[in-house]
Amino acid sequence: MKLLNFAVIKLTICQICGIIIGFYLSIPLKAILIPLSLFLLSLIVSYFYSKTHKKSSILFTGFAFAVFILIGILSTTLYDETNRPLHYVNSNIEYTNYQDFSFRIKKRLKSDNYNHKYISEIESLNAKKAIGQILINLDKESLQNELTVDNLYFTNTKLSEVVKPKNPFQFDYYNYLKQRNVNHQIYIKQNELMLLKNDSKSIVGFADAFRNNVNFKLKKNGFKPDALAIINALLLGQRQDISPEIYNNYVNAGTIHILAVSGLHVGIIFLILTQILKPLHRIKHGKHIIKPILIVLLLWSFAFIAGLSPSVTRAVTMFSIIAIAQHLRRPTNIYNTLTISAFLMLLFKPIYLFDVGFQMSYLAVLAIVSIQPLLYNLWKAPNLVLNKFWEIFTVTVAAQIGVAPIGLFYFHQFPGLFFVSNLVIIPFLGLILGLGILVIALALLNILPSVLVTVFSFIINTLNAFIAWVAQFEDFLLRDISFSIYHVFSSYLIIITGLYLWKRRTLKSLHYSLMSLLLFSCVLLYTKHKNTSEEFIVFNKNRTTVLAKKTNQSLMLYHDLDSLTIKEDKTIKNYQIGSFIKATSNDSLMTVYTHKDKLILIIDSLGIYDVNSFKPNLVILRNSPKINLDRLIDSLKPEQIIADASNYKSYVNRWKLTCAYKKIPFHSTYEKGAFILK
């Protein structure tokens, strides 16, 4: 711990604070450069002052923190491509009109049921130089050949916004892409694209071409699609082709981290390279110059081939620092190494801070280096085999402790058998990766023997079968756990103070632990109080109507769907988890509802609304009723009209115009998402 540099950690925390401020406040570049220059100048002056007077300066510390906060804000501002004059959003174009685009394919994403998806970089807009990224949705039915990374295409089409979430607690894909500089999307068919001549090739393009060549060679040698998809995930960092069934098995078994190239994979490759390059020790400067340089180059080559995901970039950065430290013959501290790698990554790509993989990767490593030694020392294994399994078990438990709170926040489930699957898989992962590298190398050289194909395919298929077997024990998989961001922070505070109490068993550390437990209890009480409310919801569900009444932590659903469909519906499940619902009931749709002092009338396809005994405050239109809305408004005089997604869009557009003419509020769930009456 003597090697631990707390200054590096504190400054990196300041940088992270600056990134968060930059993302949420969108500060202009000019508003950052002037104060950054002043604080930097003050930092230099205070540094020389402290050196001259041989005493530390509080001003120097303050200026250092301010400079790193401003560096975080600056990196975020520079990362945002819309701040650049050439970005297409700064052009005076009408987004509803067709535009001439030339764009370059940058990355292939996972396809959905109807479209292949790609991230592309705009080269020109209406024959003028432009920059910016857009999401390409290529119709599957029109597919002739998949688009190739680095290929340049021309099309005439119109931009559309990425759909914003239409229901409560739904994943915000719009914001997710916007944070990654993707502001619009286009829908096209393959015959609407024209391939342009392209003489340039990027590193990303070379990496994609290499992966395609590997896949071609492996297919030629007889690898089946499922085995090939796992090889792509384990060794090439590409998970797009894994079937949903296999992917869900890995998630439910608690081994999804195996499919994401991360520190575990890079660490194994680092050890393999260290052993392979040992002969270099015999030549001059081989051990401390040539070997580290080769290791760093090969690791970064692997990172580019694996697509430079946050997890692999973090791991390669960390092991590069370790390799350089070995060259300099200096001892390293894992906390310093992690902090420096995080600082460098966030400096060049601040969006990594909001990436789930980045967060879980660092939290897992921090937990392993902090908690695993304490767990490992609890028991002394009597022999080498048990000792190895005990070591793997403690590593797995420590990593799970580190990622459990944030995993519950993002995925709302906890795999109870994670230690079983990891105990079996991790000891053999080195063999799988080493054999996989050999298989790829021999395939590229066209000398891969069929017996090796059979053996490696058997290993991959056995791995998949074992994961599927573990995943079938659904009783050990805790699903649909409600967990807010407040729970996350208070949980990590319990872990940190608990770790501090374990290491330093003092009255002070006990006070910290008790205070963290008290804070978690307060969060539980706050959550319960926050959710003691009443809501009436009209969900945005395509071709059907789903209504709900929330009373405290109970939910009553009104619909015409079968029990299995409504149970598995993601829209309802997201709302139940996000609203901390404890009990859910179901009922069929009715004509009239009451919510507090409001009367709500439902008009369905029959179009019957002859109401004499009361005047509804709200009218909900469902299943495209053939009504004269003008006459309905005159007779019922409602406060607002709501149309859900069970109606034809042409009807909804007509009703919208009528309501605008009558000056009455109109809510279409197609446009505005779910209607919530509090």
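Residues numbered from 1 in each chain as written. Predicted model: local features only at pLDDT ≥ 70, side-chain atom pairs only at ≥ 80, totals over all residues. Heavy atoms only, no water.

Caption draft 1: Spotlight on the sheet that holds strand β12 (residues 554-558). Spatially, the five strands line up as an open sheet ordered β13-β12-β11-β10-β19, and their pairing is mixed. The open sheet has two free edges, formed respectively by β13 (583-587) and β19 (675-677), since each of these has just one partner strand. The average undirected angle you get between the axes of adjacent strands in this sheet is 15°. In this structure, strand β10 (residues 534-538) lies alongside strand β11 (residues 547-551), joined through five bridges in antiparallel fashion. (Pairing = 2+ DSSP bridges. Helix = DSSP H or I, 4+ residues; strand = E, 2+ residues; numbered from the N terminus. Axes fitted to C-alpha atoms, helices over the stretch in contact; angles between N-to-C directions.)

Caption draft 2: Structural detail: the pattern of salt bridges. With the rule as written, the count across this model stands at 15 salt bridges. Here E391 and K388 are joined by a salt bridge, their closest N and O atoms 3.8 Å apart. Taken as a pair, E391 and K388 lie in helix α13 (residues 384-411) at a separation of three residues, close to a single helical turn. In this structure, the salt-bridge partner of K678 is E535, at a minimum N-O distance of 2.7 Å. One end of the pair, K678, is in the segment after β19; the other, E535, is in strand β10, with 143 residues separating them in the sequence. (Salt bridge = Lys/Arg side-chain N within 4 Å of Asp/Glu carboxyl O.)

Caption draft 3: Structural view of helix α8 (residues 263-276). Counted at 1.5 Å a residue, the expected span for α8 with its 14 residues is 20 Å, and the 19 Å between its end C-alpha atoms agrees. Within α8, burial applies to G263, H265, V266, G267, I268, I269, F270, L273 and T274. (Expected span 1.5 Å × (residues − 1). Buried < 20%, exposed > 50% of the residue type's maximum accessible area, 1.4 Å probe, protein only.)

Caption draft 4: Quick look at the packing of helix α7 (residues 244-252) against helix α15 (residues 450-471). Remark: α7 packs on α15, axes separated minimally by 8 Å, with the N-to-C direction vectors making an angle of 60°. Considered as vectors, α7 and α15 are oriented oblique to each other. For the element pair α7 and α15, the recorded crossing hand is left-handed. Contacts between α7 and α15 involve I246, N249, Y250 and N252 from the first element and L463, N464, I467, A468 and A471 from the second. (Parallel < 35°, antiparallel > 145°, perpendicular 65-115°, else oblique. Left-handed = near helix turned anticlockwise from the far one by under 90°. Contact = heavy atoms within 4.5 Å.)

Caption draft 5: Representation of the nonpolar core in the model. Formed by 39 residues in total, the largest nonpolar core has its most connected members in L218, F223, I230, L234, L448, F456 and I460. Of all elements in the fold, only α5 (203-220), α6 (225-236), α7, α14 (418-444) and α15 reach the threshold of two or more residues within this core. In this structure, I19, F23, L280 and L338 belong to the second largest nonpolar core, which totals 34 residues. (Core = buried A, V, L, I, M, F, W, Y, C linked by side-chain atoms within 4.5 Å.)

Caption draft 6: Expanded view of the environment of R479. Following the sequence through the fold, R479 ends up in the loop between β9 (477-478) and α16 (485-503). Measuring from C-alpha to C-alpha, the distance between R479 and I496 comes to 26 Å, with 17 residues separating the pair along the chain. Those residues in contact with R479 that lie beyond four places of it in its chain are N252, H412, Q413 and E474.

Caption draft 7: Inspection of the pairing of strand β16 (residues 618-621) at higher detail. Of the two faces of β16, the one lined by L618 and I620 and the one lined by V619 and L621 are each fully buried. Here strand β15 (residues 598-603) runs beside β16; their pairing, made up of four bridges, is parallel. Counted as the bridge partner of I603 is L621 from β16. Sheet topology note: the β16/strand β17 (residues 640-643) ladder contains four bridges and is parallel.

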